[in-house]
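Residue-level structural notes
Below, each chain spelled out in residue letters.
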Amino acid sequence: LEMQLNGENLKMQSDSEIFIRSHNEVHVKIESDRGIAQEISDHFSFYVPGYRFMPAFKSRSWDGKIRLFDLNKLIIYKGLINEVKKFADSRKYKVDVENNLDTANEFSMFECGQFVQTLRSKLEPRDYQIDGFVHAIRNNRCLLLSPTGSGKSFIIYLITCFYPHKKLIIVPTISLVHQMEKDFIDYSGKPGFRTLKITGTTNKDWQYRIDDDIVITTWQSVYKMPSKWFSQFGVVIGDEAHQYKAKSLTSILEKMPTCKYRFGFTGTLDGTETHQLVLEGLFGKVKSLVKTKDLMESKQLAKLHIKILLLKYNKQTCKDRSGSKYKEEMDFIVGHKQRNEFIQNLALSLEGNSLILFQYVEKHGRILYDLINNNVDKKRKVFFVFGGTDGETRESVRQITEKENNAIIIASYGTFSTGINIRALHNIIFASPSKSRIRNLQSIGRGLRTNDNKDKCTLYDIADDLQHNKKVNFTLKHLFERVKIYNQEKFDYKMYKINLEK
């Protein structure tokens, strides 16, 4: 039988110009002549955004490109099989795929619906959540794109319940480790739901063999573990997968060559072809489940109001700042006394729970915290959260805020812009400028969840106009990028010009 199967494969290869066969659960092997292999390599090579500013490029030790096809080993990520087929079709090359390599499972919607009912979850699944779950188990791997507040964690819960294998769930922050475990317990209604949280402990038995069915961890806690440790998992799930760019993260998935079931979840992609192809290669083809605007219109997410507060500086300040480098401009902005006092007064004037997001801890975040904490009504709770705040404390801040109606959280983008679930958040203030699509959309998502006492959220986007002789400053350009995002997402916004200096 083995000889017969090998004979069939050889026959397929002889008839095709490109033959895709199994290598492992991470990569597939491409068989073709050398010329076509070089074409594939060129097609799947991309310049990394910002490569010109990277030390390796400047030192000429790297050409600035990421190559998804290994021309020496002739392997490419398994999730890119369809992209290879598209490449072949565009050049009219005949391509064949090894039997069953890209075949979907035949699970009917009825069967999947029956399974979900057996879980008796307290949460009633939405149509697009069922759609995402069905798509995942039919294809064994995929990248599900669903906006913040749409309930990605519930789809992850359904997947973990479906498979009998041991599951590894990777999240970007310690806060999300604690939050996801709590979500799973809430969904199941069982306080004894078996999960293990790994948050950086170094001398525990989990380093060797784990008995728990579900392991929730940050990538930072496990990326140095050997392949042998990862081999015990049959399912891997990457939450907030848009952060899976770092080599340490991709190396985790490459250490799991026998793990068949791979699922990535994200609310945002950064819009670059390279980013999407890497994620699709690691997890599988992207599938969009629902749009933020649709969830707002159906009242499953809070209605968003965006107020752009454009701070105007006097002519002398603009002249003095003309020609500043980006870092110099940022240092000026975050250290500007009137600007920080403006943010303080804005935060104290708002009703409801407010989240103030900053970029630099010592240069900005701590200054804002001291200003607000020293002038706030003592009845209002004020929290300061940054990278040095431990996970338990972050989770307690989140839970306390859920029960408050007038709290203020001053937090770094890195800790509270991604994944944190606070339903009772009424206001968000962008205290530091950013042009990152992912960071901005994820940050906005913090305020879009609803509860019984909230159906809208206001974003105060603070921007700085330091133009001189029609030369646009760096952070004003960042505002233009954010406005593009608001237009693309069909968010409503209004701009207010404010004279900060006399």
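Coordinates for the structure precede this section.
Remember, predicted model here, so these are calculated numbers, not experimental data.

Considering the overall build of the protein chain
Scanning the protein chain for helices and strands turns up 21 helices and 21 strands. Scored against the burial criterion, the 502 residues of the protein chain give a buried share of 53%.

Topic: the packing of helix 6 (residues 127–139) against helix 7 (residues 152–162)
Between two packed helices, what matters for the description is the angle formed by their axes and the separation of those axes. Contact pair helix 6 / helix 7: the axes reach a minimum separation of 9 Å and the direction vectors enclose 40°. Viewed along their axes, helix 6 and helix 7 adopt a mutual orientation that is oblique. Helix 6 and helix 7 meet at a crossing whose hand is right-handed. Along its contact with helix 6, which presents Gln129, Gly132, Phe133, Ala136 and Ile137, the element helix 7 presents Phe154, Ile155, Leu158, Ile159 and Phe162. Of the residues contributing to the contact of helix 6 with helix 7, the split by class is eight nonpolar, two polar and no charged.

Points about the pattern of salt bridges
Counted under the stated rule, the structure contains 19 salt bridges. Put simply, Arg91 and Glu39 hold a salt bridge, and the shortest N to O gap is 3.1 Å. Of this pair, Arg91 sits in the loop between helix 4 (81–90) and strand 7 (95–97) while Glu39 is found in helix 2 (residues 34–43), placing the two residues 52 residues apart along the sequence. Residue class for Arg91 comes out partly exposed when judged on its relative accessible area of 37%. With a closest N to O distance of 2.7 Å, Lys363 and Asp331 form a salt bridge. On the criterion of sequence distance, the pair formed by Lys363 in helix 17 (residues 361–375) and Asp331 in helix 15 (residues 326–334) is long-range, its members being 32 residues apart. According to the relative accessible area criterion, Lys363 is partly exposed, its value standing at 36%. Given a relative accessible area of 29%, Asp331 falls into the partly exposed group.

Some remarks on the sheet that holds strand 5 (residues 69–70)
A sheet is described by the order of its strands in space; here five strands give the open sequence 5-6-2-1-7, paired in mixed fashion. Here the strands that pair on one side only, and so sit at the sheet edges, are strand 5 and strand 7. As defined by bridge partners, strand 5 adjoins strand 6 (residues 75–77) across two bridges and the pair is classed as antiparallel. Bridging from a neighbouring strand, Phe69 pairs with Ile76 of strand 6. Each of strand 1 (18–22), strand 2 (27–31), strand 6 and strand 7 touches helix 4; the most contacted strand, strand 1, lies at about 170° to it.

Cut-offs used in this document
Residues numbered from 1 in each chain as written. Predicted model: local features only at pLDDT ≥ 70, side-chain atom pairs only at ≥ 80, totals over all residues. Heavy atoms only, no water. Helix = DSSP H or I, 4+ residues; strand = E, 2+ residues; numbered from the N terminus. Buried < 20%, exposed > 50% of the residue type's maximum accessible area, 1.4 Å probe, protein only. Axes fitted to C-alpha atoms, helices over the stretch in contact; angles between N-to-C directions. Parallel < 35°, antiparallel > 145°, perpendicular 65-115°, else oblique. Left-handed = near helix turned anticlockwise from the far one by under 90°. Contact = heavy atoms within 4.5 Å. Nonpolar A, V, L, I, M, F, W, Y, C, P; charged D, E, K, R; others polar. Salt bridge = Lys/Arg side-chain N within 4 Å of Asp/Glu carboxyl O. Pairing = 2+ DSSP bridges.

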